[in-house]
Structures are given as structure tokens and as C-alpha cells.
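The primary structure of each chain is shown beneath.
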Amino acid sequence: MRWQELVAAERALDEMSEYLGQRLVHPEVEEQLSVCREKILELHIGAQAVAGTFALPEPTEVLLEAARNRIPWDDLKPTEVPGNKQWNPRDGLHATVREEVEAAEQEWLAMLAPRLG
């Protein structure tokens, strides 16, 4: 992955998170982006030792738009159902299953809390 593509992907994910009001990127994806960033920055430092100081380029508008287009924005829009009520994907779940999902969600949040500060 090139620096410009990485930065474009990170910015698109940041925009998605801002749009949704929370970060919903899978932890493995976050980890891979972080690994790519670290490796590119290491290569940049090594290249500067040979070629002299230079800045990594910012992504072009074309790359930014391509990264944004990889996000299914239409699928992220709230879906309305009759009665002007926001549809909740858990509405169709049996009460027991809904409770299990919510309990698992609380465990996950409790596990992540120390990392999120």
C-alpha cells in the first residue's frame, strides 16, 4: 500500500466515523492500517537517510474520492419504517436473543474501555 492510499483510506474511515457518531471499524482492520502506517514511516526514514529529507505526499482528490466510494454510504443511512419510526435491526429478534446480544455488547464495551481511555 502506498502512503497516499493509506492516508486516503484513514480519512474516509474518519469521515464515516464522524457521520455515524462512533468508530465502527473492525479492530483487525485498525490493526492492519496501523501496521501499514508504521512500515511506511520506517521506509520513509530509511529513504531519507539516502535521499535526504522529503515529505510524504498528501493523497490526491482522486484517491480520496476512491477511498470514500469504497464505503457503502447509502447502507449507513437510517432506514425508516411506517409510522415514522427509526428501524432498529434488533426489533425482529426474540427477546432472549436480544438480551444475549446486548449482554455481549456490554462485555465487549467493558473489555475495550481501558483501551479507549
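Values in this document were obtained by computation on a predicted structure and should not be read as measured data.

Some words on the environment of Leu13
Assignment of secondary structure puts Leu13 in helix α1 (residues 3-20). Sequence-distant contacts of Leu13, defined by excluding residues within four places in its chain, comprise Arg23, Val25, Leu33 and Ile71.

Observations regarding the nonpolar core
The biggest cluster of nonpolar side chains holds 14 residues, and the ones touching the most others in it are Trp3, Leu6, Ala8, Leu13 and Met16. At the level of secondary structure, the elements contributing two or more residues to this core comprise α1, α2 (27-51) and α3 (61-69). Take this core: its biggest share by element is seven residues, from α1. Not counting the four nearest positions on each side in its chain, Trp3 is found in contact with Arg37, Ile40, Leu41, Leu56 and Pro57.

A word on the side chain of Glu10
You can see Glu10 is positioned in helix α1. If we ignore the near neighbours within four places in the chain, the residues touching Glu10 are Leu33 and Arg37.

Focus: the confidence of the model for the protein chain
On average, residues of the protein chain score 84 in pLDDT, and 84% of them are at 70 or above. For the protein chain, strand β1 (residues 80-81) is the element with the lowest average pLDDT, namely 52, and α2 is the one with the highest, namely 95.

Some words on α1
Its 18 residues place the ends of α1 26 Å apart at the C-alpha level, agreeing with the 26 Å of an ideal helix rising 1.5 Å per residue. The complete set of buried residues in α1 reads Trp3, Gln4, Leu6, Val7, Ala8, Ala9, Glu10, Ala12, Leu13, Met16 and Ser17. Contacts made by the buried residues of α1 are with α2, α3 and α4 (73-76).

Topic: the packing of α1 against α2
Across the interface, α1 lies against α2 with an axial gap of 10 Å and an inter-helix angle of 145°. When you trace α1 past α2, the crossing you get is left-handed. Contacts from Trp3, Leu6, Val7, Glu10 and Leu13 of α1 reach α2 at Leu33, Cys36, Arg37, Ile40 and Leu41. Across the contact of α1 with α2, the residue classes tally to eight nonpolar, no polar and two charged.

The rules behind these values
Positions within a chain are numbered from 1, following the residues in the order the chain's sequence is written. Local features in a predicted model are, by the rule used here, given only for residues with pLDDT of at least 70; side-chain atom pairs are given and counted only at 80 or more, and totals for whole chains, interfaces and linings are based on all residues. Note: side-chain values were computed over all heavy atoms of the structure, leaving out hydrogens and water. Strands are runs of DSSP state E lasting at least 2 residues, helices are runs of H or I lasting at least 4, and numbering of each runs from the N terminus. Residue contacts are defined here by distance: any two heavy atoms, one from each residue, within 4.5 Å place the two residues in contact. Residues grouped as a nonpolar core are buried Ala, Val, Leu, Ile, Met, Phe, Trp, Tyr and Cys residues, joined through side-chain atoms within 4.5 Å. Per-residue accessibility, obtained with a 1.4 Å probe over protein chains only, is compared with the maximum for each type, and a residue is labelled buried under 20%, exposed over 50%, and partly exposed between these values. How sure the predictor is of each residue is captured by pLDDT, a score from 0 to 100. One less than the number of residues in a helix, times 1.5 Å, gives the span that helix is expected to have. Convention adopted: a line fitted to C-alpha atoms gives each axis, helices being fitted over their contacting stretch, and angles between N-to-C directions are expressed from 0 to 180 degrees. By definition, turning the near helix anticlockwise from the far helix through less than a right angle yields a left-handed crossing, and turning it clockwise yields a right-handed one. Three categories are distinguished: nonpolar for Ala, Val, Leu, Ile, Met, Phe, Trp, Tyr, Cys and Pro, charged for Asp, Glu, Lys and Arg, and polar for the others, with Gly belonging to the last.

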